[in-house]
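Here's the letter readout for the chains.
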Amino acid sequence: MDEMTKKLHDFLLQHINEMSQEWLDSREVEENSIYTVDASSETTEYLREQNQYFTCTIAKVLTGKSLENLSDWAQKVATSRAQRGDPLYQSIKHFKKFRLIFLKQIESFFYLHPSSITYEDLFLWNKLVNEAFDRTIELFTVYYEQVSDAQSHAQKMLISELSTPVISISDTVGVLPLIGQINDYKNSNFAEKVMLQAKELNLSCLIMDLSGVSSIDTMMTNELFQVIKMLDLLGIETTITGIRPEISLTAVQLGIDMSTLRTYGKLKDAVDKLLH
């Protein structure tokens, strides 16, 4: 490490508070974001601490240190942002803001020592800083998406667990309320669960309520009606409520005869009919 690089490293650390404050002052009002300018003082200090650690790590990269600490930092912060639900684009936007602040400090250092710094020095520092920022953003994005994907998978599993069970409303009648996107049930042994539960409850009628379904594809429409056929073989009659026009259209396109099914617009209407 040459003398000017060492001086630059020290200069950056001497101005670490100034850089953090400039970044914090650049914040705007962002609804439901950790980066919003009207965040609590505790949140602001939390961001300052994270930013200053990041600054120290980037400064060390200039002196030949590895990017390993950047990976650890990116993982920790990305995990926190993803768990909070802060959109990824917000973090990337603030990386870009701080990159400019960081490079501006290097420019200020150059103007203090114009005769001692070569253009080769400037090009090298610029290259190292941009590589470090780019690598951090890449790592941050990877870790953020890993956490986000895990949360999405957990949510889908929760939807499956919450919405697949058959609810018994009498000795012979049960309700199966489906919610969210029907695609979420594709890998959850949907048909097997429904039939086992209906059989265990000794049902003679199952009300399948689709009013909470936001979307459905041809494959799942076909699977739903296959479940209805299998329930019929078990001696369990199916009533469908909350059926949407697009589901009816898909059923017709699949050649499914809906005239044999009992359907109601609302779950309440079916319950009133079957229990009274």
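Novice: I'd love a proper account of the side chain of Ser91, names of residues and values included.
Specialist: Looking at the secondary structure, you find Ser91 in helix 5 (residues 88-112). Among the polar contacts listed, one links the side chain of Ser91 to the side chain of Tyr35, at a separation of 2.9 Å. Those residues within four positions of Ser91 in sequence are excluded, and the remaining contacts are Tyr35, Arg81 and Phe140.

Novice: Tell me about the environment of Gln21, residues and numbers included.
Specialist: Mapped onto the elements of the fold, Gln21 is located in helix 2 (residues 16-25). Classification of Gln21 by relative accessible area gives partly exposed; the value is 31%. Along the backbone, Gln21 and Arg48 are 27 residues apart, and their C-alpha atoms lie at a distance of 7.8 Å.

Novice: I'd like a rundown of empty space enclosed by the protein, residues and numbers included.
Specialist: One pass over the structure, following the stated rule, counts one cavity of 30 Å³ or more. Here the largest cavity defines a volume of roughly 150 Å³. Along the wall of the largest cavity there are 14 residues; nearest its centre are Trp23, Tyr35, Asn51, Trp73 and Phe95. Elements that contribute at least two residues to the lining of the largest cavity include exactly helix 3 (41-62), helix 4 (68-84) and helix 5. Across the lining of the largest cavity, the residue classes tally to nine nonpolar, four polar and one charged.

Novice: Please give an account of helix 2 that cites residues and values.
Specialist: Taken residue by residue, helix 2 has Ile16, Met19, Ser20, Trp23 and Leu24 as its buried positions. Taken down its axis, helix 2 places every buried residue within 135 degrees of arc, on the same side. Of the residues in helix 2, the exposed ones pointing more than 90 degrees away from the buried face are Asn17 and Asp25. Elements that come into contact with the buried residues of helix 2 comprise helix 1 (3-14), helix 3 and helix 5.

Novice: Mind laying out helix 8 (residues 218-233), listing which residues take part and the relevant values?
Specialist: End to end, helix 8 covers 23 Å across 16 residues, agreeing with the expected 22 Å (1.5 Å per residue, within 8%). Buried within helix 8 we find Met220, Thr221, Leu224, Phe225, Val227, Ile228 and Leu231. Taken end-on, helix 8 shows its buried residues confined to a sector of 145 degrees, consistent with a single buried face. Residues of helix 8 that are exposed and angled more than 90 degrees away from the buried face: Met219, Lys229 and Leu233. Immediately downstream of helix 8, the backbone of Gly235 shows phi near 80 degrees, a positive value.

Novice: So what's going on with a nonpolar patch on the surface? Residues and values would help.
Specialist: Residues Ile167, Ile169 and Leu275 make up a contiguous nonpolar surface patch of about 220 Å² in total accessible area. Locating Ile167 in the fold gives a position in strand 1 (residues 167-168).

Novice: Run through the environment of Lys76, naming residues and quoting values.
Specialist: Structurally, the position occupied by Lys76 is in helix 4. Taking relative accessible area as the criterion, Lys76 reaches 64% and is therefore assigned exposed. Residues Lys76 and Phe140, spaced 64 residues apart in sequence, show a C-alpha to C-alpha distance of 8.9 Å.

Novice: Summarise the environment of Gly174; cite the residues concerned and give the values.
Specialist: Within the fold, Gly174 resides in strand 2 (residues 173-181). With a relative accessible area of 0%, Gly174 lands in the buried category. In this view, Gly174 contacts Val166, Ile167, Ser168, Ile169, Leu203, Cys205, Leu206 and Ile207; residues no more than four positions away in its chain are not counted.

Novice: Provide a residue-level description of the packing of aromatic side chains, including the pertinent values.
Specialist: A full pass over the atoms with the stated rule returns 14 aromatic pairs. Between Phe54 and Phe95, the aromatic rings sit 5.8 Å apart at their centres with planes inclined by 70 degrees, giving edge-to-face as the arrangement. Residue Phe54 is located in helix 3, and its partner Phe95 is located in helix 5; the two are separated by 41 residues in the primary sequence. Pair check on accessibility: Phe54 and Phe95 agree, each one buried. Note on Phe98 and Phe102: the rings are 6.3 Å apart at their centroids and 70 degrees apart in plane angle, and the pair reads as edge-to-face. Residue Phe98 and its partner Phe102 are located together in helix 5, separated by four residues, close to a single helical turn. Here a set of aromatic residues connected by ring pairs shows up, and it is made of Phe54, Trp73, Phe95, Phe98, Phe102, Phe133, Phe140 and Tyr144.

Novice: Before we move on, could you go through the nonpolar core and cite the residues and values that matter?
Specialist: In globular proteins that are soluble, nonpolar side chains generally tend to be buried together. Residues Leu12, Phe54, Phe98, Phe102, Ile106, Trp125 and Phe140 are the most contacted members of the largest nonpolar core, which totals 41 residues. Counting residues per element, this core draws most heavily on helix 6 (residues 119-163), which supplies 11 residues. One finds Val213, Val227, Ile256 and Leu261 within the second-largest nonpolar core, a separate group that totals 25 residues.

Novice: Can you lay out the pattern of salt bridges for me, pointing to particular residues and giving the numbers?
Specialist: Throughout the structure, instances matching the rule amount to 11 salt bridges. Across the salt bridge formed by Glu30 and Lys93, the nearest N and O atoms sit 3.4 Å from each other. With Glu30 in the loop between helix 2 and helix 3 and Lys93 in helix 5, this pair connects stretches of sequence that are 63 residues apart. Judged by relative accessible area, Glu30 falls into the buried class, the value being 9%. A residue is classified by how much of its surface remains accessible, and Lys93, at 29% relative accessible area, is partly exposed.

Thresholds applied
- Residues numbered from 1 in each chain as written.
- Predicted model: local features only at pLDDT ≥ 70, side-chain atom pairs only at ≥ 80, totals over all residues.
- Heavy atoms only, no water.
- Helix = DSSP H or I, 4+ residues; strand = E, 2+ residues; numbered from the N terminus.
- Polar contact = N/O pair within 3.5 Å; in protein donor to acceptor, adjacent residues only side chain to side chain.
- Contact = heavy atoms within 4.5 Å.
- Buried < 20%, exposed > 50% of the residue type's maximum accessible area, 1.4 Å probe, protein only.
- 1 Å grid on protein atoms, 1.4 Å probe; cavity = no way out; pocket = protein on both sides within 12 Å on 5 of 7 lines; lining within 4 Å.
- Points joined across faces, edges and corners; volume = space filled by probe spheres on them.
- Nonpolar A, V, L, I, M, F, W, Y, C, P; charged D, E, K, R; others polar.
- Arc of directions from axis to C-beta.
- Expected span 1.5 Å × (residues − 1).
- Patch = residues over 30% accessible without salt bridge, like charges linked within 9 Å, V, L, I, M, F, W, Y side chains within 5 Å.
- Areas by Shrake-Rupley, 256 points an atom, 1.4 Å probe, with all protein chains shown as cover.
- Salt bridge = Lys/Arg side-chain N within 4 Å of Asp/Glu carboxyl O.
- Phe/Tyr/Trp six-rings, centres within 6.5 Å; stacked < 30°, edge-to-face > 60°.
- Core = buried A, V, L, I, M, F, W, Y, C linked by side-chain atoms within 4.5 Å.

Spatial relationships are all this shows, so hold off on functional conclusions.
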